[in-house]
Amino acid sequence: MRTIGKAAASAAFAVAIGSAAHAQDNVTIGAASVGGTYYVWAGGLANVLSQAGMDANVEVTGGPLHNIQLVDAGEMQLGLSTAAPAYEGFNGIEWADGEEYDNIRAVLPMYPSFFTWWSLETSGIESFQDLDGNVVAMGPTGGTPDTYGRVVYEQTGVTPSRMVNAGFSDIVNLLRDGQIDAAFTTAGLPHPAVAENESTDPINLITLPPEISRAFIEEYPYFGTGIVPAGTYEAVTEDQETLTVWNFLITNADMPDDTVYEIVKAVFENQDAMIEAHPASRYVQLENVGEITIPLHPGALRYYEEQGVEIPDRLRGDGSGS
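The following refers to the structure shown. (Residues numbered from 1 in each chain as written. Predicted model: local features only at pLDDT ≥ 70, side-chain atom pairs only at ≥ 80, totals over all residues. Heavy atoms only, no water.)

### Looking at unusual backbone geometry
Right, so step 1: The omega torsion of the bond from Leu189 to Pro190 falls at -5°, within 30 degrees of zero and hence cis.
Right, so step 2: Note on placement: Pro190 falls in the loop between β7 (182-187) and α7 (192-198).
Right, so step 3: One non-glycine residue, Glu94, lies in the positive phi region at around 50°.
Right, so step 4: Along the chain, Glu94 turns up in the loop between α4 (83-91) and β4 (104-120). (Helix = DSSP H or I, 4+ residues; strand = E, 2+ residues; numbered from the N terminus.)

### Considering helix α9 (residues 257-269)
Right, so step 1: Look at α9: 18 Å from first C-alpha to last across 13 residues, which is about the 18 Å you get at 1.5 Å a residue.
Right, so step 2: Turning to α9, its buried residues are Asp257, Thr259, Val260, Tyr261, Ile263, Val264, Ala266, Val267 and Phe268. (Expected span 1.5 Å × (residues − 1). Buried < 20%, exposed > 50% of the residue type's maximum accessible area, 1.4 Å probe, protein only.)

### A short note on helix α6 (residues 168-176)
Right, so step 1: Every buried residue belonging to α6 is among Phe168, Ile171, Val172, Leu174 and Leu175, and all of these are buried. Burial along α6 is one-sided: seen end-on, the buried residues are contained in an arc of 165°.
Right, so step 2: As for α6, its buried residues are in contact with β4, β5 (135-137), α5 (144-156), β6 (162-164), β7 and α7.
Right, so step 3: Of the residues trailing α6, Gly178 is marked for its positive phi of about 75°. (Arc of directions from axis to C-beta. Contact = heavy atoms within 4.5 Å.)

### Examining the nonpolar core
Right, so step 1: Counting residues in each nonpolar core, the largest one holds 80 residues, and the members touching the most others are Leu49, Leu108, Trp117, Phe128, Phe223, Leu296 and Tyr304.
Right, so step 2: Per-element accounting of this core gives the leading share, eight residues, to β4.
Right, so step 3: In contact with Phe128, other than residues within four places in its own chain, are Trp117, Val152, Tyr153, Thr156, Val158, Ile206, Thr207, Leu208, Pro209 and Ile212.
Right, so step 4: Judged by nonpolar contacts, the second largest core, of 22 residues, contains Ala137, Leu189, Ile203 and Leu205. (Core = buried A, V, L, I, M, F, W, Y, C linked by side-chain atoms within 4.5 Å.)

### A few points about the environment of Phe223
Right, so step 1: Topologically, Phe223 is positioned in the loop between α8 (210-219) and β9 (224-228).
Right, so step 2: The residues touching Phe223, leaving out its near neighbours within four places in the chain, are Ala84, Phe115, Tyr148, Phe216, Ile217, Leu243, Thr244 and Val245.

### Examining the environment of Met76
Right, so step 1: Turning to its location among the elements, Met76 is positioned in the loop between α3 (64-72) and β3 (78-82).
Right, so step 2: On the basis of relative accessibility, which here comes to 1%, the residue Met76 falls in the buried class.
Right, so step 3: Along the chain, Met76 and Gly30 lie 46 residues apart, while their C-alpha atoms are 7.0 Å from each other.

### Some words on the pairing of strand β10 (residues 240-252)
Right, so step 1: Across the 13 residues of β10, twelve count as buried, placing the element largely inside the fold.
Right, so step 2: Inspection of the sheet shows β3 paired to β10 by five bridges, in the antiparallel sense. Paired with Ser81 across the bridge in β10 is Phe248.
Right, so step 3: As paired strands, β4 and β10 are joined by eight bridges and run antiparallel to one another. Residue Phe114 lies in a different strand from β10, and its bridge partner there is Thr244.
Right, so step 4: Of the strand pairs in this sheet, β9 and β10 are connected by five bridges, and their pairing is antiparallel. If you follow Ile227 over to β10, its bridge partner there is Glu241. (Pairing = 2+ DSSP bridges.)

Shown next, in the form of structure tokens:
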């Protein structure tokens with residue numbers, strides 16, 4: 001629940017960013033817990049923006065839902081979000097429960113997140129159905145894994161005996177210590193926590209069966225499917241299909257147009273540095289702008305139009321910005 005009203009939030013945001021509209025702005029980036037892809041990716045973004053002259057830093061948050069609330073309220077300049085909670089928050093449906101977080105605007109596409117579970121090989125948990133009756137970590141409370149993993153369980157009848165909320169750096173140790181049986185994430189590949197577990201113990205990488213993914217997409221069409229390629233982890237010896245959802249960067253509608261333009265420009269002109277920070281950044285492509293599910297910020301829209309990107313009407317929004 002937001003703690004300040006929209007008028008107060010807009011005023012607070014205006015004070016926070018002042019009249020600056022160029023690369024010297026202070027930029028705080030809402031990520032998620034330490035040990036996850038979001039935190040690593042946000043660190044790469046902060047480095048790129050710092051090189052462009054911005055004072056950029058990463059803040060640990062509860063993940064997409066928290067970032068949406070913070071950005072909408074003007075308490076944070078940038079936030080990482082997945083397409084589903086952003087769409088639902090903007091429109092006031094599902095988790096938003098009638099409250100529209102309509103001050104958020106999209107900046108740029110990031111990468112698809114893959115629904116994956118992992119367990120230690122010694123657990124005997126090898127398939128999605130094997131999760132039934134076991135203790136499963138779901139990431140931080142309110143994060144995308146926690147929010148939509150529970151929906152998957154409800155739809156399929158696969159019922160863990162207990163679901164544990166924790167940051168991914170903690171989940172690594174919970175698995176090693178036998179305090180949980182498996183863990184779940186929706187993230188770009190490879191996920192740091194999965195790779196860390198596999199560095200000391202053989203693991204099983206578990207994906208969602210295609211028939212379950214299809215049923216899920218029928219109800220939630222802003223999801224999709226994708227392939228976890230063979231070799232992503234040692235445990236993945238052949239391609240594995242699973243449910244996916246896109247991620248993108250968001251900002252407040254009142255963020256100065258020139259600032260957002262410079263952010264987008266810096267990322268696309270320094271993609272090699274982004275990929276070096278995390279391989280999932282290879283998906284930061286102009287052709288993926290259409291994966292975004294809420295209106296673009298006018299500053300971002302200007303950059304894409306200059307690059308000749310065809311922008312769907314649904315992403316043009318109401319033209320708000322400054």
